[in-house]
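Remarks on the overall topology
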Amino acid sequence: AIMYYKVKDPTSAVANVDDYSGSSRLLAATTLRNVLGTKTLGDILSERESIGTEMQDLLHDATEPWGVMIERVEVKVVRVPEQLQRAMAESQGPRLLLLRENTRLAELLGKQQKLSWRTLLHYS
């Protein structure tokens, strides 16, 4: 995610937090993990804009006392970790195997039906 912010109150940004820039980034990373933790993978991939808006609201509430204004949050690219990809592939494995077997069976039945039609036409 990309967070756009600006300092609207420099005095608060210096007096209320040690490092407003670093603290804002850490808070954004934590907020991103928290928000994504409540979503399914499908939601994460399809609702990037609403996730960005939700994050912006949460970050704005947290950084306002620091004198920092969050202008926009954009969720750009969602990368699925390798471990999660493997887990998804393993869970899909039996379904894909069943789908392949059903497809193979349908092909065999289709060939058998073609053969029976050819045999019927040949002997007519």
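Residues numbered from 1 in each chain as written. Predicted model: local features only at pLDDT ≥ 70, side-chain atom pairs only at ≥ 80, totals over all residues. Heavy atoms only, no water.

A look at the confidence of the model for the protein chain
As a reminder of what qualifies: Per-residue confidence from the predictor is given as pLDDT, running between 0 and 100. Segments assigned H or I by DSSP are reported as helices when at least four residues long, segments assigned E as strands when at least two residues long, and all are numbered from the N terminus. Only heavy atoms enter the contact rule, under which two residues are in contact if any of them lie within 4.5 Å.
For the protein chain, mean pLDDT is 80; residues scoring 70 or higher make up 69% of the total. Looking across the protein chain, the model is least confident in helix α5 (residues 82–123), with a mean pLDDT of 60, and most confident in strand β2 (residues 68–74), with 95. Confidence drops under a pLDDT of 50 for residues 116–124, and excluding neighbours within four residues, the segment shows 0 contacts in the predicted structure.

Topic: the layout of surface pockets
Test applied: A 1.4 Å probe that fits but cannot get out identifies a cavity on a 1 Å grid over protein atoms alone, an open set with protein on both sides within 12 Å along at least five of seven lines counts as a pocket, and a residue lines either if it has an atom within 4 Å of a point. Grid points are joined across faces, edges and corners, and a volume is the space filled by probe spheres set on the points. Residues are sorted three ways: Asp, Glu, Lys and Arg are charged, Ala, Val, Leu, Ile, Met, Phe, Trp, Tyr, Cys and Pro are nonpolar, and all the rest, Gly among them, are polar.
Approximately 290 Å³ is the volume attributed to the largest pocket. What lines the largest pocket is simply A1, L32, L36, L41, I44, V75, V77, V78, R79, V80, P81 and L84. Looking at the lining of the largest pocket, the elements with two or more residues in it are α2 (20–37) and α3 (41–46). Residues that form the lining of the largest pocket fall into these classes: 11 nonpolar, no polar and 1 charged.

Topic: the environment of S12
Assignment of secondary structure puts S12 in helix α1 (residues 10–15). Between the alpha carbons of S12 and V68 there is a distance of 8.3 Å; along the sequence they are 56 residues apart.

Brief notes about the pattern of salt bridges
Cut-off, in case you're wondering: For this document, the term salt bridge refers to a Lys or Arg side-chain nitrogen within 4 Å of an Asp or Glu carboxyl oxygen. Only protein chains enter the accessibility calculation, which uses a 1.4 Å probe; a residue is then buried when its area is under 20% of its type maximum, exposed when over 50%, and partly exposed in between.
One pass over the structure, following the stated rule, counts 5 salt bridges. As a salt-bridge pair, E64 and K8 come within 3.6 Å of each other at their nearest N and O atoms. In this pair, E64 sits in the loop between α4 (48–63) and β2 while K8 sits in the loop between β1 (2–7) and α1, placing the two residues 56 residues apart along the sequence. Judged by its relative accessible area of 38%, E64 is partly exposed. Notably, a salt bridge pairs R72 with E74, separated by 2.8 Å at the nearest N-O pair. By relative accessible area, which is 40% here, R72 ends up partly exposed.

A word on the nonpolar core
Which entries qualify depends on this criterion: Throughout this description, the term nonpolar core refers to a set of buried Ala, Val, Leu, Ile, Met, Phe, Trp, Tyr and Cys residues connected via side-chain atoms within 4.5 Å.
Counting 13 residues, the largest nonpolar core has M3, I51, M55, L59, I70 and V73 as the members making the most contacts within it. Of all the secondary-structure elements, those providing two or more residues to this core are α2, α4 and β2.

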